[in-house]
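Fold and geometry: a report
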2 protein chains.
Amino acid sequence: MRHAVFPAGARVRPRLCLAVATACGDDQPGLSDAAAASIELLHCASLVHDDLPCFDAADTRRGLPTVHCAYGERLAVLAGDALIVLAFETLARACPAVPARLPALMSTVGRAVGAPGGIAAGQAWECETSVDLALYHRAKTGALFVAAAEAGALAAGGDPAAWRTLGARLGEAYQVADDIRDVAASALEIGKPVGRDAVLGRPNAATELGLPAAIGHFRRLVAAGIAAIPDCARRELLRELMQREADRLIPREIARLAA
Amino acid sequence: MRHAVFPAGARVRPRLCLAVATACGDDQPGLSDAAAASIELLHCASLVHDDLPCFDAADTRRGLPTVHCAYGERLAVLAGDALIVLAFETLARACPAVPARLPALMSTVGRAVGAPGGIAAGQAWECETSVDLALYHRAKTGALFVAAAEAGALAAGGDPAAWRTLGARLGEAYQVADDIRDVAASALEIGKPVGRDAVLGRPNAATELGLPAAIGHFRRLVAAGIAAIPDCARRELLRELMQREADRLIPREIARLAA
């Protein structure tokens, strides 16, 4: 379980969750921390199962052997399971002072990772012969970004609906950035094998649109997300933060290459 | 997911949960139903992953093809994941009227299925060369029985500690009954391949003690559990119910055979 969670990846989703919680006043930092942690634990769990021999059969992740390569397939299945459980335990342990916020938080996080619209459902599209691409991306990647933004608001007693569009657009942008890196970046740079989409016969926005157009698409999605940030404390600062976070997703050399 | 949950097995754990909730007054039947359902969903999830080719490689379960035999390994991994998530979503959706009961319920249920002492940890012992048998059984089987009893009490606003011993002894008894059936019952009768423990090189109480002594051990464990039932409404009725439930675990022909 530790191997699946450390060393850290970009921690994009929990950072989004905490940024939204801060914008909503973050009156229960223990609860927003737990929400952010639970979302990252669920993300890590999905990576462990995604890497399994029956799915992507990936040997490396974040520059290290994947969990099943390091510890065997059985412990990788179990580590993923236990990380899902730990995510909900983490939520349950946080802030018994405000249990009234827990049901909505759990539902929001659960919806993003289960069936019929969360990560498990998204990954299940990979088992179909004909794929609804929009549904696939929304479930496999988008849902957890939406949940990260909504959970940040919920943990701080804010209105989750107001933050939904930010999460959705950043999720789409993240997916496009992942496609761009899959096509363009060197294996060393992102720490996992590249060109996997082509090998696995998966759709890829950068292949479909070409690199420059894909980067343009990515930037428009980020801009749309940032434009959707509702009125909140230090709104300008949050916009800058979101832009900086987004800029990290595409390595400079790739952006230069495409320009 | 449906294939993993229906048709029903014995539903032993949720029945225990609901019996304890009833004994504790069951003032929130929506919540005790959700607790019982979440426990059964988690049990079903563990069976799906347990049956996978990398673990038991079981072809049949409850007289039907296992999930991975019917739908493939990838969907079996995902169905298990989504069932875990659904269990917690089910808890979250139940009774927003009493959110204060939710954190303890989630912690109790989560502890029983995750690491370091729940089902995932128990199954992980199967990957070790040297096994602590007591820890293995307690984590793999006992923990969810304890959680079923405790969750029934928690859902009804009762004291979980008072019901712990009942759950623990019934869990041990269930494990012994499973060992007995593994050795003695025909494949048809319990709907899964038998003699698996011997094939998989696993310890089995009926093999170690012999059938008559194992049945005696089973009965003493059930009696100890029933003796530990605390003062509650209709205590005698509950004792009889628990005895009847236990009697169902060992088919009559086996009991006769051993006698």
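Each remark here, short or long, concerns the structure printed above.
Remember, it's a predicted structure, so these values are computed and weren't measured experimentally.

On to the interface of chain B and chain A. Chain B puts 33 residues into the contact, and the matching count from chain A is 33 residues. Buried area between chain B and chain A, both sides added, is near 3100 Å², and the carbon and sulfur share of it is 78%. For the interface between chain B and chain A, the tally reads zero salt bridges. Looking at the side of chain B that touches chain A, the elements that each hand over two or more residues are helix H5 (73-93), helix H6 (102-113) and helix H7 (119-124) of chain B.

Take unusual backbone geometry next. The phi torsion of most residues other than glycine is negative, and most of the peptide bonds are trans. Across the junction of A:Phe6 and A:Pro7, the peptide omega takes the value -5°, indicating a cis bond. Looking at where A:Pro7 falls in the secondary structure, it is placed in the loop between helix H1 (2-5) and helix H2 (12-23). A positive phi angle, close to 50°, is found at A:Ala57, a residue other than glycine. Tracing the chain through its elements places A:Ala57 in the loop between helix H3 (29-50) and strand S1 (60-61). Among the residues examined, A:Ala57 registers a relative accessible area of 38% and is labelled partly exposed. The phi dihedral of B:Asp26 falls on the positive side, at around 40°, and the residue is not glycine. Summarising the element assignment, B:Asp26 is placed in the loop between helix H2 (12-23) and helix H3 (29-50).

Turning to the packing of aromatic side chains, a few remarks are in order. If you walk through the whole model with that rule in mind, you get three aromatic pairs over all chains. Ring geometry for A:Phe88 and B:Phe88: centres 4.8 Å apart, planes at 5°, overall stacked. With one member in each of two chains, A:Phe88 in helix H5 (residues 73-93) and B:Phe88 in helix H5 form a pair that bridges those chains. B:Phe88 shares its class with A:Phe88; the two are buried. With a centroid separation of 5.1 Å and 40° between ring planes, the pair formed by A:Phe145 and A:Tyr174 is classed as tilted. Of this pair, A:Phe145 sits in helix H8 (residues 133-155) while A:Tyr174 sits in helix H9 (residues 164-184), and the two are 29 residues apart along the sequence. Here the two residues A:Phe145 and A:Tyr174 agree in accessibility, since each one is buried. A cation over a ring is seen here: A:Arg181 above A:Tyr174, with NZ or CZ 5.7 Å from the ring centre. Over the face of the ring belonging to B:Tyr174 we find B:Arg13, whose NZ or CZ atom lies 4.9 Å from the ring centre.

Moving on: the relation of the copies chain B and chain A. For the match of chain B to chain A, the screw axis carries a shift of 0.0 Å, the RMSD comes to 0.0 Å, and the turn is 180°. As the rotation angle and translation indicate, the two copies are arranged about a two-fold axis. No C-alpha of chain B lies nearer the rotation axis than that of B:Pro99, which sits 2.8 Å from it. Both copies contact each other with a shared surface, as 100% of the interface residues of chain B are interface residues in chain A too.

Moving on to the pattern of salt bridges. Under the counting rule described, the total for this entry stands at 26 salt bridges over all chains. Residue B:Arg169 is joined to B:Glu172 by a salt bridge in which the shortest nitrogen-to-oxygen separation is 2.7 Å. Of the two residues, B:Arg169 and B:Glu172 are both situated in helix H9 (residues 164-184); the distance of three residues between them amounts to about one turn of the helix. Taking relative accessible area as the criterion, B:Arg169 reaches 26% and is therefore assigned partly exposed. In this structure, B:Asp178 and B:Arg181 form a salt bridge, with 3.1 Å as the shortest nitrogen-oxygen distance. On the criterion of helical spacing, the pair formed by B:Asp178 and B:Arg181 is a turn pair, its members being three residues apart in helix H9. Taking the relative accessible area as the measure of exposure, B:Arg181 reaches 13% and is therefore buried. Beyond isolated ion pairs, a larger network of salt bridges with shared partners links A:Arg11, A:Glu40 and A:Arg62.

On to helix H13 (residues 211-227) of chain A. Residue and element names in this part refer to chain A. In this model, H13 (17 residues) spans 24 Å end to end at C-alpha, consistent with the 24 Å of a helix rising 1.5 Å per residue. Taken together, the buried positions of H13 are occupied by Leu-211, Ala-214, Ile-215, Phe-218, Leu-221, Val-222, Gly-225 and Ile-226. Mapping the buried residues of H13 onto a view down its axis gives an arc of 135°, with all of them on the same face. Along H13, exposed side chains directed more than 90 degrees from the buried face belong to Pro-212, Arg-220 and Ala-227. In this structure, the buried residues of H13 make contact with H9, helix H12 (205-209), helix H14 (235-247) and helix H15 (252-258).

For the rest of this paragraph, the subject is the environment of B:His68. Residues and elements named next belong to chain B. Within the fold, His-68 resides in helix H4 (residues 67-71). Exposure remark for His-68: the relative accessible area of 12% places this residue in the buried category. If sequence neighbours within four positions are ignored, His-68 has contacts with Asp-51, Leu-52, Pro-53, Ala-58, Glu-73 and Ala-76. Within the structure, His-68 has its side chain in polar contact with the backbone oxygen of Ala-58 (distance 3.1 Å).

Attention shifts here to the packing of H2(A) against H14(A). Relative placement of two packed helices is described by the angle separating their axes and the distance separating the axes. Residue and element names in this part refer to chain A. Where H2 contacts H14, the axes come no closer than 11 Å and their chain directions differ by 175°. Relative to H14, H2 is oriented roughly antiparallel. On the side of H2, the interface is formed by Arg-15, Leu-16, Ala-19 and Ala-23, while H14 contributes Leu-238, Leu-241, Met-242 and Glu-245. In the contact of H2 with H14, the residues fall into six nonpolar, no polar and two charged.

Attention shifts here to the packing of H3(A) against H8(A). Residues and elements named next belong to chain A. It is the contact of H3 with H8, at a shortest axis distance of 8 Å, that shows an interaxial angle of 165°. Here H3 lies roughly antiparallel to H8, going by the angle between them. Of the two possible hands of crossing, H3 and H8 adopt the one that is right-handed. Listed contacts from H8 to Leu-31, Ser-32, Ala-35, Ile-39, His-43 and Asp-50 of H3 are Lys-140, Leu-144, Ala-147, Ala-148, Ala-151 and Ala-155. Considering only residue class, the contact of H3 with H8 consists of eight nonpolar, two polar and two charged.

The rules behind these values
- Counting of residues starts from 1 at the beginning of each chain's written sequence and follows it residue by residue.
- In the order they appear in the text, chains get letters beginning with A and ligands get numbers beginning with 1.
- Selection of residues for local features in this predicted model requires a pLDDT of at least 70, selection of side-chain atom pairs for listing and counting requires 80 or more, and totals for whole chains, interfaces and linings are taken over all residues.
- Water and hydrogen atoms play no part in the side-chain values, which are based on all heavy atoms of the structure.
- We call two residues in contact whenever any of their non-hydrogen atoms come within 4.5 Å of each other.
- What gets called buried area is simply the loss in accessible area from a 1.4 Å probe that two parts show on being joined, summed for both.
- A pair is scored as a salt bridge if a Lys or Arg side-chain nitrogen falls within 4 Å of a carboxyl oxygen belonging to Asp or Glu.
- By definition, any uninterrupted DSSP run of H or I lasting at least four residues is a helix, any uninterrupted run of E lasting at least two residues is a strand, and each is numbered from the N terminus.
- Exposure classes here rest on a 1.4 Å probe applied to the protein chains alone. A residue is buried below 20% of its type maximum, exposed above 50%, and partly exposed in between.
- Here a pair means two rings of Phe, Tyr or Trp (six-membered ring of Trp) with centres within 6.5 Å. Their orientation is stacked below 30 degrees between planes, edge-to-face above 60, and tilted elsewhere.
- The rule for a charge over a ring is simple: NZ of Lys or CZ of Arg within 6 Å of the ring centre, and within 35 degrees of the ring normal.
- Here the copies were fitted onto each other by least squares, based on C-alpha atoms from residues at pLDDT of at least 70 in both.
- In this analysis, the expected span of each helix is defined as 1.5 Å times one less than the number of residues it contains.
- Taken from the helix axis, the directions to the C-beta atoms give the arc we talk about.
- Identification of polar contacts relies on pairs of N or O atoms within 3.5 Å, with a donor-acceptor requirement for protein atoms, meaning one able to donate a hydrogen and the other able to accept it, and with residues adjacent in sequence counted only if both atoms are side-chain atoms.
- Orientation is described by lines fitted to C-alpha atoms, with helices fitted over the stretch in contact, and by angles between N-to-C directions that extend from 0 to 180 degrees.
- Any angle between 65 and 115 degrees counts as roughly perpendicular, while under 35 counts as roughly parallel, over 145 as roughly antiparallel, and the rest as oblique.
- Residue classes follow a fixed rule: Ala, Val, Leu, Ile, Met, Phe, Trp, Tyr, Cys and Pro count as nonpolar, while Asp, Glu, Lys and Arg count as charged, and any other residue, Gly among them, counts as polar.
- Whether a crossing is left-handed or right-handed is set by the direction in which the near helix is turned from the far one by less than a right angle, anticlockwise for left-handed and clockwise for right-handed.

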